[in-house]
Amino acid sequence: VTVRVIRETIGAHDGLVSGLIVLQFPDKEDPDVAYTEHAMGSNHSDGPADVAAAKLRIDHLARLALDPAESITLIEQVADSL
């Protein structure tokens, strides 16, 4: 698991709306699955278009986020200030 933080200064982004996960399995015959959680429940899809859209959103969020080391530093700073 890798934790990456998106700073508040970025403003509104897709990561604020719902949780998003793409599950990938070691057996290539098992399709990837896009899974989202939202205020009204959850949804999963192994449709290629849905999985591709989910991967694009994740890539976009990754570009907005701090790298893992910077994220840990920020988390530690915030925890120390509490």
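Residues numbered from 1 in each chain as written. Predicted model: local features only at pLDDT ≥ 70, side-chain atom pairs only at ≥ 80, totals over all residues. Heavy atoms only, no water.

Novice: What's the story with the environment of Arg-63 in this structure? I'm lost.
Specialist: Tracing the chain through its elements places Arg-63 in helix 1 (residues 48-64). Remark: the alpha-carbon pair of Arg-63 and Ile-6, spanning 57 residues in sequence, is separated by 9.3 Å. (Helix = DSSP H or I, 4+ residues; strand = E, 2+ residues; numbered from the N terminus.)

Novice: How should I be thinking about the side chain of Ser-71 in this particular structure?
Specialist: Tracing the backbone shows Ser-71 in helix 2 (residues 68-81). In this structure the side chain of Ser-71 is engaged in a polar contact, spanning 2.8 Å, whose partner is the backbone nitrogen of Val-5. Once residues within four sequence positions are removed from consideration, Ser-71 is found in contact with Val-3, Arg-4, Val-5 and Leu-66. (Polar contact = N/O pair within 3.5 Å; in protein donor to acceptor, adjacent residues only side chain to side chain. Contact = heavy atoms within 4.5 Å.)

Novice: Looking at this structure, how should I read a nonpolar patch on the surface?
Specialist: Together, Val-1, Val-3 and Ile-75 make up a nonpolar patch on the protein surface, roughly 350 Å² of accessible area in all. Tracing the backbone shows Val-1 in the segment before strand 1 (19-23). (Patch = residues over 30% accessible without salt bridge, like charges linked within 9 Å, V, L, I, M, F, W, Y side chains within 5 Å. Areas by Shrake-Rupley, 256 points an atom, 1.4 Å probe, with all protein chains shown as cover. Salt bridge = Lys/Arg side-chain N within 4 Å of Asp/Glu carboxyl O.)

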